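Secondary and tertiary structure notes
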Amino acid sequence: MTERQREPWWRGAVIYQVYPRSFRDANGDGVGDLRGCIDGLDYIASLGVDGIWLSPFFTSPMRDFGYDVADYRGVDPVFGTLDDFDELVAKSHRCGLKVIIDQVYSHTSDVHAWFTQSRCSRDNLRADWYVWADPKEDGTPPTNWQSVFGGSAWTWDSRRGQYFLHNFLSSQPDLNLHNPEVQDAVLEVARFWLGRGVDGFRLDALNFSMHDPELRDNPPVDATRRALARRPHDFQQHLRNQSHPDIVQFLERIRGVLEDYDGAFSVAEVGGPEPLGEMKAFTAEGRRLHSAYGFDFLYADAISPVLVRETAAAWPGLPGEGWPSWAFSNHDAPRAISRWCPLDPAVDAGRYAQLMLLLLCSMRGNVFLYQGEELGLPTANVPFEYLQDPEAIANWPATLGRDSARTPMPWRAEAPNAGFTDGAPWLPVDPRHVALAIDQQDQPGANSTLNFTRRLLQLRCDSAPLRWGETHFIDTVADDSLLAFIREYQGERVLCLFNLDPSAAYELPVAPEGWACVLGHGAMGGDAEEMTFNDALPAFLPPVSGLIAKRMG
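Read on for a plain summary of the structure.

Calculation rules
- Residues numbered from 1 in each chain as written.
- Predicted model: local features only at pLDDT ≥ 70, side-chain atom pairs only at ≥ 80, totals over all residues.
- Heavy atoms only, no water.
- Helix = DSSP H or I, 4+ residues; strand = E, 2+ residues; numbered from the N terminus.
- Rg over C-alpha atoms; globule rule 2.2 N^0.38 Å.
- Buried < 20%, exposed > 50% of the residue type's maximum accessible area, 1.4 Å probe, protein only.
- Contact = heavy atoms within 4.5 Å.
- Axes fitted to C-alpha atoms, helices over the stretch in contact; angles between N-to-C directions.
- Parallel < 35°, antiparallel > 145°, perpendicular 65-115°, else oblique.
- Nonpolar A, V, L, I, M, F, W, Y, C, P; charged D, E, K, R; others polar.
- Expected span 1.5 Å × (residues − 1).
- Polar contact = N/O pair within 3.5 Å; in protein donor to acceptor, adjacent residues only side chain to side chain.

Overview of the overall build of the protein chain
Check the secondary structure of the protein chain and you find 17 helices and 20 strands. A globule of 553 residues ought to have a C-alpha radius of gyration of about 24 Å, and the protein chain, at 24 Å, matches this closely. Projected onto its principal axes, the C-alpha coordinates of the protein chain cover approximately 75 × 50 × 50 Å. Classification of the 553 residues of the protein chain by burial places 60% in the buried group. Considering only intrachain contacts with a sequence separation of at least 6, the fraction spanning at least 24 residues in the protein chain is 69%.

So, in C-alpha cells, the structure goes:
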C-alpha cells in the first residue's frame, strides 16, 4: 500500500477557496454565480489543488452576502439553482476535485422560517430555537455583550417583548444550539448536502455557536488590548457570548454524521485573539472535527520566522491531536501580499507573492488558497462610495472591511471588467489586477506567479514529506529574517529555507553539500525564467528568496 492509499485524501490537501460572487459571472448581471464556477473548474483543476471550498450560495437576503442564511437547503436565485449546484459537484468530481461547502450553524437570517415562527410567541414549537431573554429592570439589554459589527449583541423584538441575541448583524439572530431539537435540525441540513455529493464542510464562526445560558457579562480586556481596540467588540473578553464548553459535544454529533459518508471532511473556522485552545479542543481525539484554522496569519500585520515557528510548534503531532489548516488570505482579511510585502522599491511584489506561496505550501497541515492568491493579487482599493460590506461601512475608515479582498477575479486583461462579467460588477475591478489577469500569466515558460503556483503544487502533491511529514526547525543566525526547517516522512526528508530580509543575504544554516534544490523562489535564479533546479544549493540565500531541497543519495 502506498502512502497516498494510507492517508485520507484531505490530510495535507490544498483546497482552493471560491468566493462565488466574485469568481465568474455567467449571466451578465454583475454577480458571480454557480454557472461561472462551473466554467472555471478546468482552470482550478489546472492548478493542481485537491478540492474547492465554496463560500455560501444559499438562499439569503444578502445583508451579509450569504452568511445570513434564509434557507439552508436552497440556492439563492442570484447564484442559480440546485440543478446548477449538482452539475458543479459532478463536474468537480470529474476534474478530480473534492467539494467543500460552508455551513453556518451559529445563526440564520431573520427572514428564515425558523426565526419567523420563533418570534411570534413564547410558546410556539420553535420558541426556544433562538436565544431570547428578558430585559433588565431598566429595559436595557440582558448583558453587556457586543456585536462584532458594532453595538449591543441584543436587539429588542416587540412581537415577543424580549431581546434576541445576534453576535453579528441584527438581521442574523443566533440559533440556540443548546436545544437538542436545533442540533437535530442542522444535522439534517448536513445530511442533505452530503447526500448531494459534497465531500465536507467548512464550519463558519463555530466558536460563536453556543452562549452562556446564565447570561453573565463579559469582562473587559486589559489595558494593552484596550489601547488597540477599534470597535466596541474589541473592548471585551468574549468569555460568555461564545466558546461554551458544550460546543465539543455538538461537534461529536457532527462527526457522527460525517462518518456515515466515506471520506467526508470537516474544518472549523475559529476566530478570536487566542484561538489555539479551541482549535485543539474542536479537533481532539479523532471524535470531533478533522481540522481547524484560526487567524494567526490572516490578521497578522507582518510575517516573520518567529510567527511561523511559534504557530507551527503548537501542532507537533502528539497522540490525540487534530490536524491544522493554514490560510494566509481569504474573503475576510486583506490579502497577505499587501499586509506583508516590505515597502522597499527593491522588492518586487510578484516575487514576494511567490515566496509567500512557497512558505504556505511548505507548512505541515492543509493549505487553503484563496482565489487570486495564485496570481499575486494585492488587496484592492475600493472607494467608500462602492463599499458593500456592512462592517466596512459601519467602521469606516478604522477598518478596511472585507470588500477589498472580494473584488472580481481578473480573467482576461483586454476584456471589459477583466473578463469577470459583461455587466456592471457588484464591486469594481482594481486596475492593478488587470495586468495580473489569468490570460497574462498563463503563458508557457512565463516566469509568472500562476506558473510558479502550478509547479509548487505539483511538487507538494508528489512529496510525501511536504504533505504529511513532521517539521523539525533549524536554529539560524538571524531568527528575525531566516527561517529553516526539515519536513520528514518515513525517512524521506526535504529542506525548506526562507530569507525574508529585503536587503541582506545569509549563509545557509546547513551544509549545502548533500542537498539538491528541487524548487527555488524566482530570486534564486535571477532573471532566468526557469525556477526549478536539480543541482547543489548555493552557499548563500539571497534577500527575499526561498527554496525547497531534497536529500541526495
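Some thoughts on the packing of helix α3 (residues 34–47) against helix α16 (residues 449–462)
Where α3 meets α16, the closest approach of the two axes is 8 Å, and the angle between their N-to-C directions is 60 degrees. With respect to their mutual orientation, α3 and α16 come out oblique. Note on element contacts: α16 touches α3 through L450, T453, R454 and L457, opposite Y43, S46 and L47. Residues belonging to the contact of α3 with α16 are distributed by class as follows: four nonpolar, two polar and one charged.

Some points on helix α12 (residues 349–360)
Taking 1.5 Å per residue, twelve residues should reach 16 Å; α12 reaches 16 Å between its end C-alpha atoms and fits that length. Across the twelve residues that make up α12, a large majority, ten, are buried. Near the N-terminus of α12, the side chain that reaches the backbone nitrogen of G350, with its oxygen 3.0 Å away, is that of D348.

Details of unusual backbone geometry
A positive phi is found at Q490, a non-glycine position, where the angle reads about 50 degrees. Relative to the helices and strands, Q490 is located in the loop between β15 (482–489) and β16 (492–499). You can call Q490 exposed: its relative accessible area is 55%. A positive phi angle, near 45 degrees, is found at V544, a position not held by glycine. Within the secondary structure layout, V544 lies in the loop between β19 (540–541) and β20 (545–551). Residue classification places V544 among the buried positions, given a relative accessible area of 7%.

Any functional reading would require information beyond the geometric quantities listed.
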